[in-house]
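Geometric and topological summary
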Amino acid sequence: MDKIAIKVKNLCKVYDNSKIVDNLNFEVPQGSCFGILGPNGAGKTTTMQILYGKVQHERVEGYEVNVFGHDPAKDELQIKFVTGIIPQEDNFDAELSVFQNLLIYSKFYGLSKKQALPRIESVLDFIDLKTKKASKIRELSGGMKRRLLIARALLNNPRLLILDEPTTGLDPQVRHHIWNKLRVLKKQGVTILLTTHYMEEAYQICDHLIIMDKGKKISEGSPIDLINNNIEKYVLEIIKNISDFQDNNAQNIRVETSHDRTLIYSDNLDAVKEIADSFQPGDYYLRQSNLEDVFLRITGKNFNE
Amino acid sequence: MNNISLPSFAQRVYSVWYRHVLVYVKNIFSNGIPPFLEPILFLLGVGLGLGGFVGEINNIPYINFLAVGIIAPPAMFTAAYECTFGTFIRLEFDKVYDGMIAASIDIKDLFIGEILFAGTKGLFFSSAVLLVLSVFGLIESPMAIFTVFIGFFTAMMFAVLSLLVTSVVNNINHFNFYFTGFITPGFFLSGIVFPLNTLPKYLELFAQLFPLVHSVNLMRAFCFNSFKISLIGDMFYIIFLILIVGYFAIRRLKNKIIT
């Protein structure tokens with residue numbers, strides 16, 4: 001059996017009488033990449049913050065929170081010492097340079113300057129920011145700052161990385177760059193826990209996912225299992241001239257109408273192709289179903305506010 | 001090379017202190033010059049201007065009386081600003097603390113480091129005043145060097161008081177009440193520009209509640225080499241205030257940050 005890095009049992013968090021995290025259970029094996037998916041306000045960030053002691057959970061019966069054998073309520077420092085935390089928003093000292101920020105941060109881990117210097121070189125090299133060593137934080141783009149957050153989290157050679165929406169708001173190049181780096185880290189044996197609402201991100205780098213909504217876990221599995229178990233293989237999206245489609249209760253298909261598109265799902269490619277052929281190219285989009293379809297099906301298509 | 005063991009409490013507090021020092025020193029020109037200019041302005045404006053009308057206080061020329069009084073207030077002001085506006089901005093706007101406590105630093109380390117940094121600033125500000133006074137020939141006793149350490153404790157005292165206020169406040173503008181209602185009266189009722197025994201008795205007793213009185217008492221004693229038994233009371237006031245208010249301030253801030 002795989003060794004467990006994180007174990008969470010009966011986890012609850014209540015803010016102002018509303019349950020932000022509601023009886024959550026999951027386990028993260030060491031060396032794996034684990035994703036928490038969910039719409040805004042699902043309780044993803046709160047769950048992560050509980051793991052390193054930033055948020056205190058409720059003490060309900062049978063609860064357990066265990067990160068590498070430590071309970072964050074008691075051993076917050078031990079956990080943070082081996083964990084790199086990458087928040088949603090950057091929190092650097094904007095007046096200082098990249099190097100100074102990293103030097104200060106190394107001190108928080110008790111690294112001497114002699115120990116810190118090669119580490120700083122190494123993490124900047126890893127994340128391809130070596131040329132920005134002397135730059136001020138203000139001079140960095142959003143993508144560079146996010147990469148620098150990752151570099152900072154790597155200073156103490158963490159066993160666990162916790163990333164809160166690591167690529168939200170970034171351009172495709174930076175997103176792929178970050179995904180590549182996370183894959184490399186995983187190969188080196190680092191356990192990765194991330195939240196995201198980019199389905200592609202989850203599909204690309206996560207071994208295992210849970211989908212959360214309103215504080216609850218509503219689905220769990222590998223990305224491919226989640227797709228196979230929850231949705232048909234193919235989707236035909238009809239974008240224009242929707243009214244030309246006649247739903248004749250045909251076999252093998254499932255039809256969903258939402259706003260100004262019609263979605264036709266099927267496991268049978270020929271069935272959807274046949275329908276597609278009756279439209280002009282450009283009126284439709286035929287594709288394999290993906291995690292986003294699963295996500296929308298499970299959490300509902302309406303705004304979650 | 002990875003560090004295998006957790007940094008000790010002292011290392012963690014030092015790292016927080018070091019962060020503050022580095023950020024402060026970054027703007028050394030704008031941060032470091034005013035502490036030297038302010039006492040000069042004060043001596044010229046109040047000392048020379050007002051001093052001409054006052055003559056002597058307790059057989060001491062007014063300018064000498066005033067000079068010794070102005071070593072303490074900069075330590076108070078710098079700590080009060082640092083741990084109200086400064087702390088609030090780090091907490092709510094810049095989110096600097098969130099970054100720090102994501103490393104192996106806890107809330108206790110964070111604020112003890114901050115209190116010690118405020119103390120260090122107080123030591124620096126009091127030293128600047130003492131240096132200016134010495135250049136002007138207003139310091140006679142070599143024992144006056146101890147005032148810089150009293151400046152250190154004065155600043156820590158106002159650091160903990162200000163952190164307590166910051167733990168309560170949700171709007172940065174509310175600090176105005178603290179400054180107008182507590183810091184400014186504390187300045188005028190601390191025997192700096194006039195001796196407290198010229199006040200009505202009840203007001204003189206009331207003034208003893210203000211922290212700065214005790215710093216000024218101690219500083220005067222060291223500058224004029226005249227020690228009284230009541231100074232022990234002043235010392236205990238300062239030490240107990242730092243410990244007790246500091247304890248509650250950190251506890252309240254912890255509840256504010258760890259939700």
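Above this text you will find the structure in question.
Keep in mind it's a predicted model, so treat the numbers as computed, not measured. (Residues numbered from 1 in each chain as written. Chains lettered and ligands numbered in written order. Predicted model: local features only at pLDDT ≥ 70, side-chain atom pairs only at ≥ 80, totals over all residues. Heavy atoms only, no water.)

All right, on to the overall build of chain B then. A count of helices and strands for chain B gives 12 helices and 2 strands. When the helices and strands of chain B are read in sequence order from the N terminus, they spell out α-α-α-β-β-α-α-α-α-α-α-α-α-α. Expected size for 259 residues packed as a compact globule is a radius of gyration near 18 Å; at 19 Å, chain B falls within 12% of this value. Dimensions along the principal axes, computed over C-alpha positions, put chain B at roughly 65 × 40 × 35 Å. When the 259 residues of chain B are sorted by exposure, 53% land in the buried category. Taking the contacts inside chain B whose residues are at least 6 apart along the sequence as the reference set, 79% of them involve residues at least 24 apart. When the accessible surface of chain B is split by element, carbon and sulfur atoms take 71% of a total near 11,800 Å². With 14 positive and 12 negative side-chain charges, chain B shows a separation of 7 Å between the mean positions of the two kinds. (Helix = DSSP H or I, 4+ residues; strand = E, 2+ residues; numbered from the N terminus. Rg over C-alpha atoms; globule rule 2.2 N^0.38 Å. Buried < 20%, exposed > 50% of the residue type's maximum accessible area, 1.4 Å probe, protein only. Contact = heavy atoms within 4.5 Å. Areas by Shrake-Rupley, 256 points an atom, 1.4 Å probe, with all protein chains shown as cover. Lys, Arg positive; Asp, Glu negative; His and termini not counted. Charge placed at Lys NZ, Arg CZ, Asp CG, Glu CD.)

Each partner contributes to the interface: chain B provides 34 residues, whereas chain A provides 32 residues. Buried surface at the junction of chain B and chain A, summed over both partners, amounts to about 3,000 Å²; 59% is from carbon and sulfur atoms. A salt bridge links Arg 19 of chain B to Asp 93 of chain A; its shortest N-O distance comes to 2.3 Å. At the junction of chain B and chain A, the tally comes to 10 residue pairs in polar contact (both at pLDDT 80 or more). Put simply, the parts of the chain that give the side of chain B that touches chain A at least two residues each are helix H1 (9-26) and helix H6 (96-100) of chain B. (Buried area = accessible area lost by both parts, 1.4 Å probe. Salt bridge = Lys/Arg side-chain N within 4 Å of Asp/Glu carboxyl O. Polar contact = N/O pair within 3.5 Å; in protein donor to acceptor, adjacent residues only side chain to side chain.)

Turning to the sheet that holds strand S1 (residues 4-15) of chain A, a few remarks are in order. Residues and elements named next belong to chain A. Taken together, 3 strands build an open sheet; the order of strands is S2-S1-S4 and the sheet is antiparallel. Strands with a single pairing partner mark the edges of an open sheet, and in this sheet they are strand S2 (18-29) and strand S4 (64-67). The sheet shows a mean angle of 20° between the axes of neighbouring strands, taken without regard to direction. Its contacts with the sheet put helix H1 (residues 44-51) on S1, S2 and S4, and the angle it makes with S1 is roughly 120°. (Pairing = 2+ DSSP bridges. Axes fitted to C-alpha atoms, helices over the stretch in contact; angles between N-to-C directions.)

Our focus in this paragraph is the pairing of strand S5 (residues 83-86) of chain A. Residue and element names in this part refer to chain A. Across the two faces of S5 the burial is the same, with Thr 83 and Ile 85 and Gly 84 and Ile 86 all buried. Bridge count between S5 and strand S6 (residues 160-164): 4 bridges; the pairing is parallel. Bridge assignment links Ile 85 to a residue of S6, and that residue is Ile 162.

All names here are of chain A. Across the sheet, 4 strands lie side by side as S11-S12-S10-S13; this open sheet has antiparallel pairing. Looking along the sheet, the strands with just one partner apiece sit at the ends: strand S11 (253-258) and strand S13 (284-288). The mean angle between the axes of side-by-side strands here comes to 20°, regardless of whether they run parallel or antiparallel. In terms of strand pairing, strand S10 (residues 234-238) meets strand S12 (residues 261-266) through 5 bridges, oriented antiparallel. Residue pairing in the sheet places Tyr 234 in a bridge with Ser 266 of S12.

Let us look at the packing of helix H5 (residues 73-93) of chain B against helix H8 (residues 147-168) of chain B. A pair of packed helices can be characterised by two numbers: the angle between their axes and the separation between those axes. All names here are of chain B. Taken N-terminus to C-terminus, the directions of H5 and H8 make an angle of 30°; their axes are 8 Å apart at the nearest point. The angle between the axes of H5 and H8 places the two elements in the roughly parallel class. Between H5 and H8 the crossing geometry is right-handed. Across the interface between the two elements, Ala 75, Met 76, Ala 79, Ala 80, Cys 83, Thr 84, Thr 87 and Phe 88 from H5 touch Gly 151, Thr 154, Ala 155, Phe 158, Ala 159, Ser 162, Leu 163 and Thr 166 from H8. For the contact of H5 with H8, the per-class residue count stands at 10 nonpolar, 6 polar and no charged. (Parallel < 35°, antiparallel > 145°, perpendicular 65-115°, else oblique. Left-handed = near helix turned anticlockwise from the far one by under 90°. Nonpolar A, V, L, I, M, F, W, Y, C, P; charged D, E, K, R; others polar.)

All names here are of chain B. When the terminal C-alpha atoms of H5 are compared, their 28 Å separation across 21 residues agrees well with the 30 Å that a helix rising 1.5 Å per residue should span. Along its length, H5 reaches its greatest deviation from straightness, about 30°, at Gly 86. Note on H5: the residue one or two positions beyond its end, Lys 95, has a positive phi of about 60°. (Expected span 1.5 Å × (residues − 1). Bend = angle between axes of the 7 residues up to and from the residue.)

Along the chain, Ser 106 of chain A turns up in helix H3 (residues 98-108). Here Ser 106 of chain A is in contact with Leu 111, Ala 116, Ile 120 and Leu 155 of chain A, once residues within four sequence places are set aside.

The next thing to look at is the nonpolar core. Judged by nonpolar contacts, the single largest core of 157 residues is most densely connected at Ile 6, Leu 148 and Leu 161 of chain A. It is H8 of chain B that provides the largest number of residues to this core, a total of 11 residues. Here this core gathers at least three residues from each of two domains, domain 1 (4-228) and domain 2 (232-288) of chain A. What Leu 161 of chain A contacts, discounting residues up to four positions off in sequence, is Gly 84, Ile 86, Ala 153, Leu 154, Leu 182, Leu 185, Val 190, Thr 191, Ile 192 and Leu 193 of chain A. In this structure, Ile 238, Ile 253, Ala 271 and Ile 275 of chain A belong to the second largest nonpolar core, which totals 11 residues. (Core = buried A, V, L, I, M, F, W, Y, C linked by side-chain atoms within 4.5 Å. Domains from an automatic or database assignment.)

The next thing to look at is the pattern of salt bridges. Residue and element names in this part refer to chain A. Overall, the coordinates contain 27 salt bridges over all chains when judged by the stated rule. Among the ionic pairs, Glu 220 bridges to Lys 217, the shortest N-O distance being 2.7 Å. Here Glu 232 and Arg 254 are joined by a salt bridge, their closest N and O atoms 2.7 Å apart. Of this pair, Glu 232 sits in the loop between helix H8 (223-230) and S10 while Arg 254 sits in strand S11, and the two are 22 residues apart along the sequence. In this structure, a network of salt bridges that share partners links the residues Glu 237, Arg 261, Arg 287 and Asp 293.

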